[in-house]
Amino acid sequence: MSLNKIFDIAGSGMNAQSVRLNTTASNMANAQSVSSSIEETYRARKPVFAPMLERYKQGISDEYGFQNPVTSFNPRDVAGEGVQVLGIVESNQELQMRFEPNHPMANEEGYVFYPNVNVVEEMTDMLAASRSFQTNVEVMNTTKQMMQRVLTLGQGA
């Protein structure tokens, strides 16, 4: 693996963690939004990540002819190319239904629906995504320093 590929891999990790931070921010912003029906209530969202693999990046298909991303990673078979965001999925956990008949958004029975956002879990995700982003920045900085040292190897002679 060349040192240049490290920038692409770390960059894909930073992109993935940015998506994670954005979905977390969206979840936190909507944590206290209410609705009068289940269908209109905000649901927590989570990004789904998968490894980018070299053979799929080059367009080589599997034994069935599919060029879909692989969810299992065997380093002996293919080289990793980073991480990709497959999509963002909504949580299927139950919504919070509360009896608040005086609430302006209450339905005919007096219930309002709150999102299935767990604020503590979202804060944990935010911290983990932030630290992962910072780690990828450190990988890029270290790689840059290594490349600069390689360029100065022959100057001291």
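Just above sits the structure.
Residues numbered from 1 in each chain as written. Predicted model: local features only at pLDDT ≥ 70, side-chain atom pairs only at ≥ 80, totals over all residues. Heavy atoms only, no water.

## A short note on the overall build of the chain
Within the chain, the regular secondary structure consists of 3 helices and 4 strands. Looking at the chain alone, contacts between residues at least 24 apart form 70% of all its contacts between residues at least 6 apart. (Helix = DSSP H or I, 4+ residues; strand = E, 2+ residues; numbered from the N terminus. Contact = heavy atoms within 4.5 Å.)

## Some remarks on the environment of Ser 91
Here Ser 91 shows up in the loop between strand E2 (80-90) and strand E3 (96-99). Judged by relative accessible area, which is 17%, Ser 91 ranks as buried. Along the backbone, Ser 91 and Val 117 are 26 residues apart, and their C-alpha atoms lie at a distance of 8.8 Å. Apart from residues lying up to four places away in sequence, Ser 91 is in contact with Arg 43, Ala 44 and Asn 116. (Buried < 20%, exposed > 50% of the residue type's maximum accessible area, 1.4 Å probe, protein only.)

## Describing the packing of helix H1 (residues 3-29) against helix H3 (residues 119-151)
In the contact formed by H1 and H3, the axes pass within 9 Å of each other and the chain directions differ by 160°. Considering their axes alone, H1 and H3 lie roughly antiparallel with respect to each other. H3 is crossed by H1, and the crossing has left-handed handedness. Grouping the constituent residues of the contact of H1 with H3 by class yields 18 nonpolar, 10 polar and 4 charged. (Axes fitted to C-alpha atoms, helices over the stretch in contact; angles between N-to-C directions. Parallel < 35°, antiparallel > 145°, perpendicular 65-115°, else oblique. Left-handed = near helix turned anticlockwise from the far one by under 90°. Nonpolar A, V, L, I, M, F, W, Y, C, P; charged D, E, K, R; others polar.)

## So, the side chain of Thr 41
Summarising the element assignment, Thr 41 is placed in the loop between H1 and strand E1 (45-53). Among the polar contacts made by the side chain of Thr 41, one reaches the main-chain carbonyl oxygen of Ser 37 at a distance of 2.7 Å. Excluding its chain neighbours within four sequence positions, the residues that come into contact with Thr 41 are Ser 35, Leu 95, Phe 113, Tyr 114 and Pro 115. (Polar contact = N/O pair within 3.5 Å; in protein donor to acceptor, adjacent residues only side chain to side chain.)

Geometric descriptors of this kind do not, in isolation, establish any biological role.
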